[in-house]
Amino acid sequence: MPLSFTESVIKEFRANEGKVGGPFEGADLLLLTTTGARSGTEHTTPLGFVRDGDLLLIVASAGGSHRHPDWYHNLLAHPMVRVEVGSQTYGAIAVPAEGERRDLLFERVVRTAPGYADYQAGTERILPVVMLERSEPDAVPGAGPRNLAEKLIEVHTWLRSQLEHVRAEADAHFAARAAHQGPGAPPAPALGLQLRQHCLAFCESLTFHHTGEDAHLFPALASSHPHLSGVFARLAEEHRTVARIQGELHALLTEVATADPERFRTELDRMSTELSAHLDHEEESLLPLLAGIPFPPVAP
């Protein structure tokens, strides 16, 4: 069965370290892999991009269509994405820009790729500009985790940084509300989507992390350390508590536009403290056991 045009572009991209001919000759192209909003399956899409400092910017133009492309709906539901650019592949958080920042970034994109201005002129839909924020440290030869203990610390460090993102963006939102003067309601939160995406990214990553522990890591450790079965049972029970807190965090963030700042901060602090305590307990329980297990795993 012959490859579709998109499939042929993806194949050529991966075979030539990001270089593609034909209509994409000389263009800056990346591959974005998202998780289907409804299906939960992965979808890879070739997209043009523009660099803005450490960020990669992509535009949900769909060729000027009046509807957002499927990949945009996917990343709203699942902000953790995979990016392939050149010969590199890494995880990223997809965050649509809003308000004034979106307009400034769109101008930045148009200066590099004027065709997007034509797409915008042809539709009443505001073309979303999505920032791809790398969620993994830059690869440094010899500097990656050498064992599962160091890998656990790497994952937990990232999770803690996402909690800090959520708190900082909530504080910025409340500061903007407090600074509003004049008649009428304060403007919609400029950080609404950014806050939402980082919260979703944290929750998705924590769920993935815990699912892997419950399904694979804990049973393997319990078989070699049966005297610690009570520790693993307690950690699994904590995962259920963490899932409850994640649900509370989602509910809290849906009210951020109208929430009382002090009550919101109190609740967010409580949840953050509980989540951090869980990560601390996992490290205390697991690091001594994981320090002797190499990472990446050695093939048998």
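Reading the values: rules and limits
Residues numbered from 1 in each chain as written. Predicted model: local features only at pLDDT ≥ 70, side-chain atom pairs only at ≥ 80, totals over all residues. Heavy atoms only, no water. Helix = DSSP H or I, 4+ residues; strand = E, 2+ residues; numbered from the N terminus. Contact = heavy atoms within 4.5 Å. Buried < 20%, exposed > 50% of the residue type's maximum accessible area, 1.4 Å probe, protein only. Arc of directions from axis to C-beta. Axes fitted to C-alpha atoms, helices over the stretch in contact; angles between N-to-C directions. Parallel < 35°, antiparallel > 145°, perpendicular 65-115°, else oblique. Left-handed = near helix turned anticlockwise from the far one by under 90°. Nonpolar A, V, L, I, M, F, W, Y, C, P; charged D, E, K, R; others polar.

Engineer: I'd like to hear about the side chain of T123, residue by residue, with values.
Structural biologist: By the secondary structure assignment, T123 is in the loop between α4 (115-121) and β7 (129-134). Setting aside anything within four residues of it in sequence, one finds T123 in contact with G64, S65 and H66.

Engineer: Account for helix α1 (residues 5-15), with residues named and values stated.
Structural biologist: Those residues of α1 that fall on the buried side of the exposure criterion are V9, I10 and F13. Projection of α1 onto a plane perpendicular to its axis shows the buried side chains occupying an angular sector of 100 degrees, all on one side. Across from the buried face of α1, at angles greater than 90 degrees, the exposed residues are K11 and A15. Where α1 is buried, its residues meet β1 (29-35), β2 (42-48) and β5 (80-85). Phi turns positive one or two residues past the end of α1, at E17, with a value near 50 degrees.

Engineer: An account of the packing of helix α7 (residues 229-254) against helix α8 (residues 261-290) is needed here, citing residue identities and associated values.
Structural biologist: The contact between α7 and α8 brings their axes to 10 Å, and the two run at 155 degrees. Regarding the angle of α7 to α8, the classification is roughly antiparallel. Between α7 and α8 lies a crossing of left-handed hand. Each residue belonging to the contact of α7 with α8 can be placed in one class, and the counts come to 14 nonpolar, four polar and nine charged.

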